[in-house]
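Breakdown of the fold
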Amino acid sequence: MANSAWFTIALLVVSNIFMTFAWYGHIKLQQMKLITSSTPLIVVILLSWGIALAEYTCQVPANRLGYAGNGGAFSLMQLKVIQEVITLVVFTLFTVVFFKGEPLHWNHLAAFICLVMAVYFVFMD
């Protein structure tokens, strides 16, 4: 795979790390008592938007550089499937590392296998 393809994937990974923190980090912050359930929702939303800005600074260039129409290595469908797989892998790692009480079950593994198969199929000619 060309360097631009790997760079695109790296940007998507970083983007999804930020996205996961933007979407679910406030729950961990609440568990850590850094924010409370009485923290105004607008504060939590603004915090998440700030993190999401960092996500977009990686996501948009990843899609732009990675898209075959711009000289990248991937079709739009390939970019989306790669992004979805990365999202679920990052979310799973985030859950296992930061939310130790969330167990992984056999059906989660089965879903991941289906996602790997989706990547395989999306790259088929």
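Right, let's walk through the structure included here. Because the structure is a prediction, the values reported are computed rather than measured.

**Some details on the nonpolar core**
Ala-5, Ile-9, Leu-11, Leu-12, Cys-58, Ala-62, Phe-74, Leu-79, Ile-82, Ile-86 and Val-90 form the largest nonpolar core, which has eleven residues in total. Of all the secondary structure elements, the ones that give two or more residues to this core are helix H1 (3-31), helix H2 (41-66) and helix H3 (76-98).

**Examining the packing of H1 against H2**
Here H1 crosses H2 at 165°, and the two axes come no closer than 8 Å. The pairing of H1 with H2 is recorded here as roughly antiparallel in orientation. Note that H1 runs across H2; the crossing there is left-handed. The residue inventory of the contact of H1 with H2, partitioned by class, reads 18 nonpolar, eight polar and one charged.

**A short note on the side chain of Thr-20**
Mapped onto the elements of the fold, Thr-20 is located in helix H1. In terms of polar contacts, Thr-20 uses its side chain to reach the backbone carbonyl oxygen of Asn-16, at 2.8 Å. The residues touching Thr-20, leaving out its near neighbours within four places in the chain, are Gly-25, Val-90, Phe-91 and Phe-94.

**Points about H3**
In an α-helix, one full turn covers 3.6 residues, which means residues spaced three or four apart are oriented alike. Between the first and last C-alpha of H3 there are 32 Å, a value that for 23 residues agrees with the 33 Å anticipated at 1.5 Å per step. Here H3 has its buried residues at Gln-78, Leu-79, Val-81, Ile-82, Gln-83, Val-85, Ile-86, Thr-87, Val-90, Thr-92, Phe-94 and Thr-95.

**Looking at the packing of H3 against helix H4 (residues 106-122)**
Interhelical geometry of H3 versus H4 gives an angle of 160° and a closest axis separation of 9 Å. Here H3 is positioned roughly antiparallel relative to H4, judged by the angle of their axes. Judged by the sense of rotation from one axis to the other, the crossing of H3 with H4 is left-handed. Contact residues: Met-77, Gln-78, Val-81, Val-85, Leu-88 and Thr-92 in H3; Phe-112, Leu-115, Ala-118, Val-119 and Val-122 in H4. Grouping the amino acids of the contact of H3 with H4 by side-chain chemistry returns nine nonpolar, two polar and no charged.

**Here we look at H1**
Helix length check: H1, at 29 residues, gives a terminal C-alpha distance of 40 Å against a target of 42 Å (1.5 Å per residue), a fit within 8%. Ala-5, Thr-8, Ile-9, Leu-11, Leu-12, Ser-15, Asn-16, Met-19, Thr-20, Ala-22 and Gly-25 are the residues of H1 that are buried. Where H1 is buried, its residues touch H2 and H3. Immediately beyond the C-terminal end of H1, within one or two residues, lies Lys-33, with a positive phi of roughly 65°.

Analysis parameters
- Residues numbered from 1 in each chain as written.
- Predicted model: local features only at pLDDT ≥ 70, side-chain atom pairs only at ≥ 80, totals over all residues.
- Heavy atoms only, no water.
- Core = buried A, V, L, I, M, F, W, Y, C linked by side-chain atoms within 4.5 Å.
- Buried < 20%, exposed > 50% of the residue type's maximum accessible area, 1.4 Å probe, protein only.
- Helix = DSSP H or I, 4+ residues; strand = E, 2+ residues; numbered from the N terminus.
- Axes fitted to C-alpha atoms, helices over the stretch in contact; angles between N-to-C directions.
- Parallel < 35°, antiparallel > 145°, perpendicular 65-115°, else oblique.
- Left-handed = near helix turned anticlockwise from the far one by under 90°.
- Nonpolar A, V, L, I, M, F, W, Y, C, P; charged D, E, K, R; others polar.
- Polar contact = N/O pair within 3.5 Å; in protein donor to acceptor, adjacent residues only side chain to side chain.
- Contact = heavy atoms within 4.5 Å.
- Expected span 1.5 Å × (residues − 1).

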